Amino acid sequence: MTKIKVGFGFDVHQLKDQHPFILGGVNLQHTSGAFGHSDADVLLHAICDALLGAANLRDIGFHFSNTDERWKGISSLVLLQHVVALLKEKNWQIGNIDAMVCLEAPKINPHIPEMKVNIAKAACISGEDISIKATTNEQLGFIGRQEGVVAYAVCLIEKSESQ
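Below is a summary of the structure that appears in this document.

What counts and what doesn't
Residues numbered from 1 in each chain as written. Predicted model: local features only at pLDDT ≥ 70, side-chain atom pairs only at ≥ 80, totals over all residues. Heavy atoms only, no water. Phe/Tyr/Trp six-rings, centres within 6.5 Å; stacked < 30°, edge-to-face > 60°. Lys NZ or Arg CZ within 6 Å of the ring centre and 35° of its normal. Pairing = 2+ DSSP bridges. Helix = DSSP H or I, 4+ residues; strand = E, 2+ residues; numbered from the N terminus. Axes fitted to C-alpha atoms, helices over the stretch in contact; angles between N-to-C directions. Contact = heavy atoms within 4.5 Å. Right-handed = clockwise from strand over helix to strand, strands pointing away.

**Thoughts on the packing of aromatic side chains**
Part 1 of the argument: Under the counting rule described, the total for this entry stands at three aromatic pairs.
Part 2 of the argument: Ring pairs connect the aromatic residues Phe8, Phe10 and Tyr152, which therefore count as one cluster.
Part 3 of the argument: Here the basic side chain of Lys16 rests over the ring of Phe35, its NZ or CZ set 3.9 Å away from the ring centre.

So this is what it looks like as structure tokens:
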């Protein structure tokens, strides 16, 4: 018998002028970037939360506190690797990841193939099992004013269980 679970993740970060913009492990060239304790990669944080939630392993803040200096400035690809290791300890395998990034600029479409390679490597899955999409907020709200960036992710995980 195979057990299947789904998870949902969400993350939001403030954008600051002259700050690096890391998304999906890719450094995007832009006038502002996401600010946070780690590298503030909203895409990877949403994916981590989706995976942790599906496996009932709490959330990203529980495992990687923003008050813990070990995680200050760390690549979120490392955080994703830790999350995948936690899932493997519980015999979970990732089926797929589907993510959406909401921002006005920069355009991320040209960078999606590289993001998928980074995520696939960190998550130990095929790039064919990763979907990344982007949309704008039609210039509405904090996203439309380019004050912040949001990411959503869903995932499917599975494991074989003996009866």
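**Comments concerning the sheet that holds strand β7 (residues 148–160)**
Part 1 of the argument: With mixed pairing, five strands are arranged side by side in an open sheet as β4-β1-β7-β5-β6. At either end of the open sheet lies a strand with only one pairing partner, and these are β4 (32–35) and β6 (130–135). Each adjacent strand pair in this sheet contributes to an overall mean axis angle of 25°, direction not counted.
Part 2 of the argument: Judged from the four bridges that link them, strand β1 (residues 2–17) and β4 form a sheet pairing that is antiparallel. Paired with Asp17 across the two strands is Ser32, which belongs to β4.
Part 3 of the argument: This element, helix α1 (residues 42–54), spans β1, β5 (93–102), β6 and β7 of the sheet and lies at about 150° to β1.

**A word on the pairing of β6**
Part 1 of the argument: Examined bridge by bridge, β5 and β6 share six bridges and lie parallel to one another. Bridge assignment links Cys102 to a residue of β6, and that residue is Thr135.
Part 2 of the argument: Taking the sense of rotation as the criterion, the β-α-β connection linking β5, helix α4 (residues 112–123) and β6 turns out right-handed.

Any functional reading would require information that these geometric values do not contain.
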